[in-house]
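# Summary of structural features
Here are the chains, one letter per residue:
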Amino acid sequence: MTPGEPSEPLRVAIVGSGPAGFYAAEALLGHPEMAIEVDMIDRLPTPFGLVRAGVAPDHPKIKSVIKRYEKTAGHDAYRFFGHVTVGRDVSAEELAGLYHAVVWAYGAGTDRKLGIPGEDLPGSHAATEFVAWYNGHPDFADREFDLGCERVVVIGNGNVAADVARMLLLPRPELECTDTAPYAIDALAGSSVREVLVLGRRGPAQAAFTNPEVRELGELTDADVFVDRAAVAADETSAAFLDSDAADATNRKNLESFTEFSEREPGGKPKRVELRFLRTPLEIQGDGRVERIVAAVNRLEVDESGAVRARATDETETIECGMVLRSIGYLGTGIDGVPYDAAAGVIPNERGRVTGDGSKPHPGHYVVGWIKRGPTGVIGTNKKDAQETIETLLEDAAAGTLPERDAGADALPALLAERGVDFIEYDGWQEIDALEQERGAAAGRPRIKLTAFEELLAAARKERNG
Ligand code: NAP
C-alpha cells in the first residue's frame, strides 16, 4: 500500500527546526489531499535554528519570518520533539526505522578553518561562536570573549563578518532594544573595543556582503566607516569583472557604497570600522594570546575558470590587535549512518534525495538547507530548496519506492520515554516563549532569552522560579 491514505499516513521525521526544516514541513503539510504526519526533532529545547541563534539581534525584521513557522507548527499533523539529539538519544538507523522518510535539515554546525599558525591562540575565535554567544545559544552561553582590547580584526567579507563588526560597535541603548543575551549586552557595552578592522582577501567588487549589510556599516551611531581610496580605484581585473556576466547588481552596488565610504571625511565618532581589502591572513601571533596578525598583501588575477582570485605578493602587513574573529563560512558535519561528503561538508543528494556510494539512492532519506547545498543564501533561499526536496519525496512515495514501515505515531515518544530522554514538545516551547517575552516586557525589551539548558527545561515544564 502507498502511504498517504488516512489508514496509513505518510510519516516523515524532519531533523532540524531551522528555516529549511520548517519550509520542508510547510511543503509537506500543504498537501491536504494526502494524509501526512510530520515530526520535527531538534537538539535544542527551542525551535527556529539560526533565526533564533544566528540572525543578528539588531535585525528583528528578519526574525519576523518566525510567524510563518508558527503557522506550520499549529497544523494538527505537526509535532515538535526538542532536546533530542539524533546520534545520541536515537540513532539515524533507529529513526529511519520509525518513519517512511527522514528529512535531514540540521544545517552546518561548525566553522571552516583558516589552517594557519596561531589560529587556536586564546583571543582567536570562530565568528560563528561569537554569534551563538551573543544570541544566547545554550551551548555557547558560558564562552568568554575578552573584549578588553582596542582593536579587533574580523577575517572575511560575508554577512556574518558584517554582523559581528556591527555588534562589536553598537552602543548600549541599541543593544538593549534587542533580544541580545543579557550577559552579552553587558560585555559588549562595557568593551574597550574602539576599532574593528574587516579583512577581505579579494577586492571590494568581489565582497560577499549583501547591499543593506554594507550600507549599515556606514550608518553606525558611534563609529565612522573607513575605506582606503586607493582600494576602490578600479584595477584592470576588477573593471573587467564588473563588465562581465560574473558580476551582479550586488557587486556593483557594494562597490558604489565602498566608494562613497572612501570619500567621506571622518565624522568625529568615538569608534571606527575599516574595510581593508586584498589581505590574506598568514599567521596569528602573540605570547600566550592574540597580539597581532600577519597578512599577505594580494593582487587580483583571473584563473583558468574565469573566476577572480587573490594571489599573494611578496609584501606582508602586520596588524596589532587583541582579538581575531574568523568569519570565513560555516561547515556541515556528518551523522553516523547517513552518507556524507566531508570535502564539501554536505550530505550527497540529487534534488534532495540522499545518494550513497556511486550515486545509488539511500531509500527513505532526504536533505534540505545548508546540509544539502552548503552554507549559502539567505533565509528565503531555503523555501525553494525545501520544495524541491519534498517534490522528490512525494514522487518517490507515489512510485512506491519509500521503505515499508509499520511504526505508528506513538513509536518515537515511547522510545524516548523508555530511554529517559527529557524531550520538549511544542507546548513546552510555547511556555519558554511566553516566559521570555514576559521577562522582556518587564524590562522594556522584545524578550529576555533563557540561555541555560536547565532554565529552558524548567520553563518548558512551567517551573517558574522568578
Ligand atoms: P560567506 O558569505 O560565504 O562569506 C565568507 C567570506 O569568507 C568570503 O568573503 C570569503 O572570501 C571569505 N573566505 C573564505 N575562505 C577564506 C580564507 N581561507 N581566507 C580568507 N577569507 C576567506 O559566509 P558567511 O558570512 O558565513 O555567511 C553564510 C551565509 O549566510 C551567506 O549566504 C550569507 O549571506 C548568509 N547570511 C545572511 C545574513 C543576512 O541576510 N543579513 C546574515 C548572516 C549570514 P571569497 O569570496 O574570496 O571566497
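What this report covers is the structure whose coordinates are included nearby. (Residues numbered from 1 in each chain as written. Predicted model: local features only at pLDDT ≥ 70, side-chain atom pairs only at ≥ 80, totals over all residues. Heavy atoms only, no water.)

## Some thoughts on the overall build of the chain
When helices and strands are counted, the chain shows 18 helices and 18 strands. By the compact-globule yardstick of 23 Å for 466 residues, the chain fits well, its C-alpha radius of gyration being 24 Å. The buried share among the 466 residues of the chain stands at 54%. Contacts in the chain between residues far apart in sequence, at least 24 positions, make up 76% of those at least 6 positions apart. For the chain, the exposed surface amounts to about 20,400 Å²; the carbon and sulfur share of it is 49%. One way to put it: in the chain the 51 positive side-chain charges average out to a point 3 Å from where the 77 negative ones average out. (Helix = DSSP H or I, 4+ residues; strand = E, 2+ residues; numbered from the N terminus. Rg over C-alpha atoms; globule rule 2.2 N^0.38 Å. Buried < 20%, exposed > 50% of the residue type's maximum accessible area, 1.4 Å probe, protein only. Contact = heavy atoms within 4.5 Å. Areas by Shrake-Rupley, 256 points an atom, 1.4 Å probe, with all protein chains shown as cover. Lys, Arg positive; Asp, Glu negative; His and termini not counted. Charge placed at Lys NZ, Arg CZ, Asp CG, Glu CD.)

## A closer look at the state of the cysteines
Following the criterion strictly, the structure yields zero disulfides and no others. The thiol sulfur of Cys321 is not disulfide-bonded, and the nearest other cysteine sulfur, from Cys149, lies at 7.6 Å. (Disulfide = S-S within 2.5 Å.)

## A closer look at the pattern of salt bridges
One pass over the full model with this rule turns up 38 salt bridges. A salt bridge links Arg52 to Glu436; the nearest nitrogen and oxygen atoms lie 2.8 Å apart. Here Arg52, found in helix α2 (residues 49-53), pairs with Glu436, found in helix α17 (residues 426-442); they are 384 residues apart in sequence, far enough to count as distant. Accessibility assignment for this pair places Arg52 and Glu436 in one class, buried. The shortest N-O distance in the salt bridge between Arg166 and Glu216 comes to 3.6 Å. In this pair, Arg166 is assigned in helix α7 (residues 159-169) and Glu216 in helix α10 (residues 211-217), connecting sequence segments 50 residues apart. As far as burial versus exposure is concerned, Arg166 and Glu216 are alike and both buried. One connected set of salt bridges, linked through shared partners, spans Arg151, Glu195, Arg272, Glu274, Arg276, Arg279 and Glu317. (Salt bridge = Lys/Arg side-chain N within 4 Å of Asp/Glu carboxyl O.)

## Brief notes about the packing of helix α6 (residues 127-134) against α7
At a minimum axis separation of 10 Å, α6 and α7 run at an interaxial angle of 50°. On the basis of their axis angle, the class for α6 and α7 is oblique. Along this stretch, α6 crosses α7, giving a crossing that reads as left-handed. Contacts from Ala127, Phe130, Val131 and Tyr134 of α6 reach α7 at Val160, Asp163, Val164, Met167 and Leu168. (Axes fitted to C-alpha atoms, helices over the stretch in contact; angles between N-to-C directions. Parallel < 35°, antiparallel > 145°, perpendicular 65-115°, else oblique. Left-handed = near helix turned anticlockwise from the far one by under 90°.)

## A closer look at helix α1 (residues 19-29)
Helical periodicity: at 3.6 residues per turn, an α-helix aligns residues three or four positions apart in one direction. The buried count for α1 comes to ten of eleven residues, which makes it a mostly enclosed element. Within α1 the residues assigned to the buried category are Pro19, Ala20, Gly21, Phe22, Tyr23, Ala24, Ala25, Ala27, Leu28 and Leu29.

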